[in-house]
Every structure is written in structure tokens, then in C-alpha cells.
Amino acid sequence: MILDRKAKRYASPPLRRPLDKGADKPMTKIRKCITPDRHPRTPSVELPSGTVDTHVHVFEPKYPLDPARGYDPPPSTLDDLRHLHLTLGVDRVVLTQPSVYGTDNSAIVDSMSTLNTETPNRARAVIACGLDISDDELHTLDARGVRGVRLNTDNLGGMPIRMDEIPHLCDRIRPLGWHLEFLFPGADIVELMPIFTALTVPMSIGHFAYQSATNGIMTPGFKALLELARAGNTWIKISGANRVSHTDLPPYDDVTPMAHALLDAAPDRLMWGTDWPHPNKYEINPNDGDLVDAAYDWIADADLRQKIFATTPQAFYRF
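Keep in mind it's a predicted model, so treat the numbers as computed, not measured.

Reading guide: rules and limits
- Residues numbered from 1 in each chain as written.
- Predicted model: local features only at pLDDT ≥ 70, side-chain atom pairs only at ≥ 80, totals over all residues.
- Heavy atoms only, no water.
- Disulfide = S-S within 2.5 Å.
- Helix = DSSP H or I, 4+ residues; strand = E, 2+ residues; numbered from the N terminus.
- Buried < 20%, exposed > 50% of the residue type's maximum accessible area, 1.4 Å probe, protein only.
- Contact = heavy atoms within 4.5 Å.
- Salt bridge = Lys/Arg side-chain N within 4 Å of Asp/Glu carboxyl O.
- Axes fitted to C-alpha atoms, helices over the stretch in contact; angles between N-to-C directions.
- Parallel < 35°, antiparallel > 145°, perpendicular 65-115°, else oblique.
- Left-handed = near helix turned anticlockwise from the far one by under 90°.
- Nonpolar A, V, L, I, M, F, W, Y, C, P; charged D, E, K, R; others polar.
- Arc of directions from axis to C-beta.
- Phe/Tyr/Trp six-rings, centres within 6.5 Å; stacked < 30°, edge-to-face > 60°.
- Lys NZ or Arg CZ within 6 Å of the ring centre and 35° of its normal.

## Focus on the state of the cysteines
Then, in step 1: Applying the stated rule across the entire model yields 0 disulfides.
Then, in step 2: Free of any disulfide, Cys-129 has its nearest cysteine sulfur in Cys-170, 11 Å distant.

See the structure below:
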């Protein structure tokens, strides 16, 4: 395996905001992200058959951005995504609503539909919505392949409801078998635990819940993540290693203890994703081939690789 082992840190700290503000957040300067690595390399390993990339976004120029967004993403099209997955050896994908589109899910739902027309059962999506969404619309989205709602307190435009409205949202989506996907600043996890443990639908958390690899696995935040993992209602994406690593570059060795701790705690509820095209980054972005190799290094057992890369996400997103 050939990996870039530079140790310089490239920091892009998350925006810290009050948990109870929902969509009513003050406007801040819109930052321009850097582009993803346009030349993903072929991993040094072969992904299991049926691998699902559980966390990607698309940014097609034809879709208008939300004025309340916190960043400007670079164009990252469906053709770019196809090229990435052909290079990596990925068979299926979950498109996740980025905050820059607010509750207009057209970009990801249209992309999902296009991929499923090309290859049946290839794509699923996780949208953003408010409580004003109709039951008819929810059922239509479910039939098209939507499987959950994203609540994002880490990025402007990503939180369309208040925290005290989450139980009502659960009531709306529970009959569909949907889940809630959360993204939040890592420091918030302990404060959010009462909300998480009271959920009446499954939940997923991406990017190691933004727990810093530098701080290790004995911090209150990471212990809270392990508690959620063991409780049985939380699925965790071992994605975004570059976001939690001290170096922000491969080989992501400091992320290994976190991955192993989660593997010990909940091997049946872990999933993998690229986080392509790595939005909200401003100095450096990873090569996705390096991220695949890092994840393979964490998971030595072939059966467990099959489970995390393919079997578990196929069941969770109902492919």
C-alpha cells in the first residue's frame, strides 16, 4: 500500500452553535470549499461484492443553493460520482442531503432516480424535511427509495426543525420504517444523549460522531458513542477518517483505536462510506482510494468486511 504519510495538520473546525436554534440561525459569511481530489486512485484492496457507499453528496450546478447555507460546494456531479465508484469498485450508494440545499431534496432524489433507472436497486437517499411535509409526499419519497431524514446541527441550513420537534418527526416517519441521521459537533454528543436514547426510530451517525482521534477512546464523548453503539438502536458510519484524524492525511493510524473499539462494541451496526466529495473542507481533501485502504486496515476479518461494506447497509437502507 502506498500512502502519503505527511503529518501536518489541516484544521477545519466545525461551526459551534446552540442546540435549540433549529433553522433560526444567524447568517454568516459563506465559505468556498476546495474541490475533491479529481483523480481517485484504485485501492490496493478489492471491495466485497455488493459494497454500499453509505455517504455521498452531489452538487450539480443546475440546482439552486439555499441562501442560508454556510459554504459554497464545488461542482461534483453524478458523472463524477459514477467515475469514483467505478474506480473504487462500489456497487451501491446512499445519497445524503447536504445542508447547502436546505429542504430542497431535488438534487439527491433526482440523482437517486437516475441511478435506479440505469441499474435497479442501485441507490437510496436520506433527505432533509420539516414537519410541514405531507404524508403523501413521504410515501412518494419512500417508494422512490428514500429511507431516512437527516438532522444536521453542524452546518448552517442543515437543521429544519427544533430539537423539541424530533419526537413529532419520529411519529411521522416511523410507519415508513425510516431512520434519523444525525450530524453534530463532536463536543455535543453528551448533551444530546437524552434525545438519542429517547428516539422511537433507529438512528445513524456519520464520521465517527466527529470524535477527535487525538483525544482517544477514553473521553466522555467517545464513551457516549460506544454506549449508543451497544444499546442497539444506533448504526455508525466509519466514514470521514480525515475529518477526525490529527493529520487530516493518510494513513489515519490515530483513527484505528476508535474503529477497533466500535468493532468490538457493535460489529453488526457499522457501515462504511466515502463522504465524497468531502464538502466543508478548505485546505486539503483526501484521495478516496486512501480512505478505502484505511478502512480495510481496520477490519482484518473477511466476513466482517462483507458485513460492514455490504450486508449491513443493504439491510439498513432496504436495498
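## Comments concerning the environment of Ala-259
Then, in step 1: Note on placement: Ala-259 falls in helix H8 (residues 256-265).
Then, in step 2: Residue Ala-259 is classed as buried on the basis of its relative accessible area of 1%.
Then, in step 3: For the pair Ala-259 and Asp-301, spaced 42 residues apart in sequence, the C-alpha to C-alpha distance is 14 Å.
Then, in step 4: If we ignore the near neighbours within four places in the chain, the residues touching Ala-259 are Phe-208 and Trp-298.

## Focus on the pattern of salt bridges
Then, in step 1: Scanning the model with the defined rule gives 18 salt bridges in all.
Then, in step 2: A salt bridge links Asp-72 to Arg-69; the shortest N-O distance between them is 2.6 Å.
Then, in step 3: A salt bridge links Glu-165 to Arg-162; the shortest N-O distance between them is 3.4 Å.
Then, in step 4: Connected via shared salt-bridge partners are Asp-79, Arg-82, Glu-118 and Arg-122.

## Looking at the packing of helix H5 (residues 189-197) against helix H6 (residues 220-231)
Then, in step 1: Following both chains from N to C, one finds H5 and H6 inclined at 15°, their axes separated by 9 Å at the closest point. As the angle between them shows, H5 and H6 are arranged roughly parallel. H6 is crossed by H5, and the crossing has left-handed handedness. Across from Ile-189, Val-190, Met-193, Phe-196 and Thr-197 in H5, the residues of H6 making contact are Pro-220, Gly-221, Ala-224, Leu-225, Glu-227 and Leu-228.
Then, in step 2: Taken together, the residues of the contact of H5 with H6 sort by class into 8 nonpolar, 2 polar and 1 charged.

## Concerning helix H3 (residues 135-144)
Then, in step 1: Every buried residue belonging to H3 is among Leu-138, Leu-141 and Asp-142, and all of these are buried. Down the axis of H3, the sector holding all buried residues measures 105°, keeping them to one side. Seen from the buried face of H3, the exposed residues on the opposite side, beyond 90 degrees, are Asp-136 and Ala-143.
Then, in step 2: In this fold, the buried residues of H3 make contact with helix H2 (106-118), strand S5 (123-127), strand S6 (146-152) and helix H4 (166-173).
Then, in step 3: Positive backbone phi, approximately 125°, marks Gly-145, located one or two places after H3.

## Digging into the packing of aromatic side chains
Then, in step 1: Per the stated rule, a full pass over the model turns up 8 aromatic pairs.
Then, in step 2: With centroids separated by 4.9 Å and ring planes inclined at 65°, the aromatic side chains of Phe-182 and Phe-196 adopt a geometry described as edge-to-face. Within this pair, whereas Phe-182 is found in strand S7 (residues 179-183), its partner Phe-196 is found in helix H5, the two being separated by 14 residues in sequence.
Then, in step 3: Relative accessible area serves as the criterion here: at 2%, Phe-196 is assigned to the buried category.
Then, in step 4: Among the aromatic side chains, those forming a connected cluster through ring pairs are Phe-182, Phe-184 and Phe-196.
Then, in step 5: Above the face of the Tyr-282 ring, Arg-31 is positioned so that its terminal group lies 3.7 Å from the ring centre.

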